[in-house]
Amino acid sequence: MSALKLLAGVLLTLILAAPGCNNEPKPQSPSTPPAAPAYESPLPSLTLPPDSGPPPAFDADRAMQYVKDIVKFGPRPLGSANHKQVEEYIASRLKGDQVEDDVFAADTPVGKFPVHNIVAKFPGTKDGIIIFASHYDTNYPLRNTSYVGANDGASTSALLLEIANQLRGKPRDGYSIWLVWDDAEEAMIPDTERPFLSDSLYGITHLAEKWEADGTLKKTKAFVLADMIGDADLNVDRDANSTPWLQSVVYESATRLGYQSHFFARTLPMDDDHLPFVKRDVPSVDLIDFLYGYNNVFWHTPQDTVDKLSPKSLEIVGSVMLETARILDKMDPLPPK
Ligand SMILES: [Zn+2]
């Protein structure tokens, strides 16, 4: 994802908060203070189905082992042998599942590259689909460093593999869940040289276009993206580009599991894999803890390593995603988009 939007958000906050600013807007009248930006307003309150059943199961240690396995392959930029090995590793953990490969060639500023999205489908009894997604590639400009993206890409790819374990062999009494390991999320040239959104999100954009054309998006009830949530110091951001009512469901899920203190204390606008779905009116939420290390020093640096992560963080987000699906299953009808 991109830091540029983050910078814009921080600047906006600073401008709004700056005392004595010459351009400070004046309230229209003492009783009508200026409206807060929409993303700073409280999450919408919803009537949600009652809590049901025990918390979702999630094997945090097994998920952490998957992170270590993925990281061991080394940097996995587009077009590399390591990337191919990680594709095979993910596929090997999904043997016997209903898997769809979406393979195409992406035109990037540095040439044509093969892109490989992997989708595992776990059918439910209800008509509709919930998508859980994570990218698995690492940043191309960092390909000749020791950068392995333990948090950025590996943690969430591992989290989805563990969710697959939990879904496998248990018929879902609810919507189908599709797990998406999408490829080529990262930019091919540095953000400083080109706008992030003109050189990124290649894999997920291809899937969104394909699923728009074949009618899948009409059946998609929610798109839930996980990114950079392995951080041992877990503070999942409230993303200003996500669907507010779906964030309310996520927050309620976190609250039911006792994890709400890890969610939404900070609001940031995120450019990430959910945007192609947001643009196509699919309710979408990005679960991301973007600030990684003091001053974000671990993000997109060789310091993004396994020792910064915690199995507990994987468990918190994994079980909140499963609880979110369980609540969505019972919400009838779902709020309008
Ligand atoms: Zn990244």
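Whatever comes next refers back to the structure up there.
Presented here is a report on the structure given in the accompanying data block. (Residues numbered from 1 in each chain as written. Predicted model: local features only at pLDDT ≥ 70, side-chain atom pairs only at ≥ 80, totals over all residues. Heavy atoms only, no water.)

### Topic: the layout of surface pockets
Okay, so step 1: Taken as a whole, the largest pocket spans an internal volume of roughly 360 Å³.
Okay, so step 2: Lining the largest pocket, in full, are Pro-56, Ala-57, Gln-166, Leu-167, Lys-170, Pro-171, Arg-172, Asp-173, Leu-322, Arg-326, Asp-329 and Lys-330.
Okay, so step 3: Listing elements by their share of the lining of the largest pocket, those giving two or more residues are helix 4 (150-167), strand 4 (172-182) and helix 9 (311-330).
Okay, so step 4: Sort the elements by how many residues they give to the lining of the largest pocket and helix 9 lands first, with four residues.
Okay, so step 5: Split into classes, the residues belonging to the lining of the largest pocket amount to five nonpolar, one polar and six charged. (1 Å grid on protein atoms, 1.4 Å probe; cavity = no way out; pocket = protein on both sides within 12 Å on 5 of 7 lines; lining within 4 Å. Points joined across faces, edges and corners; volume = space filled by probe spheres on them. Helix = DSSP H or I, 4+ residues; strand = E, 2+ residues; numbered from the N terminus. Nonpolar A, V, L, I, M, F, W, Y, C, P; charged D, E, K, R; others polar.)

### Topic: the packing of aromatic side chains
Okay, so step 1: What the rule picks out here adds up to nine aromatic pairs.
Okay, so step 2: Between Phe-263 and Phe-264, the aromatic rings sit 5.8 Å apart at their centres with planes inclined by 85°, giving edge-to-face as the arrangement. Across this residue pair, the class does not change: Phe-263 and Phe-264 are buried.
Okay, so step 3: With a centroid separation of 4.9 Å and an interplanar angle of 70°, the aromatic rings of Phe-290 and Trp-299 are classed as edge-to-face. When sorted by exposure, Phe-290 lands in the same class as Trp-299, which is buried.
Okay, so step 4: Put simply, the rings of Trp-178, Trp-211, Phe-223 and Phe-277 pair up and form one aromatic cluster.
Okay, so step 5: When the ring centre of Trp-178 is taken as origin, the NZ or CZ atom of Lys-121, which lies over that ring, is 4.2 Å away.
Okay, so step 6: In this arrangement the basic side chain of Lys-308 is found over the ring face of Phe-298, its NZ or CZ atom lying 4.7 Å from the centre. (Phe/Tyr/Trp six-rings, centres within 6.5 Å; stacked < 30°, edge-to-face > 60°. Buried < 20%, exposed > 50% of the residue type's maximum accessible area, 1.4 Å probe, protein only. Lys NZ or Arg CZ within 6 Å of the ring centre and 35° of its normal.)

### Digging into the nonpolar core
Okay, so step 1: Ranked by internal contacts, the top residues of the largest apolar core, which has 69 residues, are Phe-132, Leu-179, Trp-181 and Met-321.
Okay, so step 2: Residues within four places of Leu-179 in sequence aside, it is in contact with Ile-118, Val-119, Ala-120, Phe-122, Phe-132, Leu-160, Ile-163, Ala-164 and Leu-167.
Okay, so step 3: Residues Leu-201, Ile-204, Leu-217 and Leu-275 belong to the second largest nonpolar core, which totals 19 residues. (Core = buried A, V, L, I, M, F, W, Y, C linked by side-chain atoms within 4.5 Å. Contact = heavy atoms within 4.5 Å.)

### Considering helix 9
Okay, so step 1: Taking 1.5 Å of rise per residue, 20 residues should cover 28 Å, and helix 9 covers 29 Å from first to last C-alpha, within 8% of that figure.
Okay, so step 2: The buried count for helix 9 comes to 16 of 20 residues, which makes it a mostly enclosed element. (Expected span 1.5 Å × (residues − 1).)

### A look at the packing of helix 4 against helix 9
Okay, so step 1: Where helix 4 meets helix 9, the axes come as close as 10 Å, and the angle between the chain directions of the two elements is 50°. Here helix 4 lies oblique to helix 9, going by the angle between them. As helix 4 packs across helix 9, the resulting crossing turns out to be right-handed. Between helix 4, through Ser-155, Leu-159, Leu-160, Ile-163, Gln-166 and Leu-167, and helix 9, the contact on the second element is made entirely by Leu-314, Val-317, Gly-318, Met-321 and Leu-322. (Axes fitted to C-alpha atoms, helices over the stretch in contact; angles between N-to-C directions. Parallel < 35°, antiparallel > 145°, perpendicular 65-115°, else oblique. Left-handed = near helix turned anticlockwise from the far one by under 90°.)

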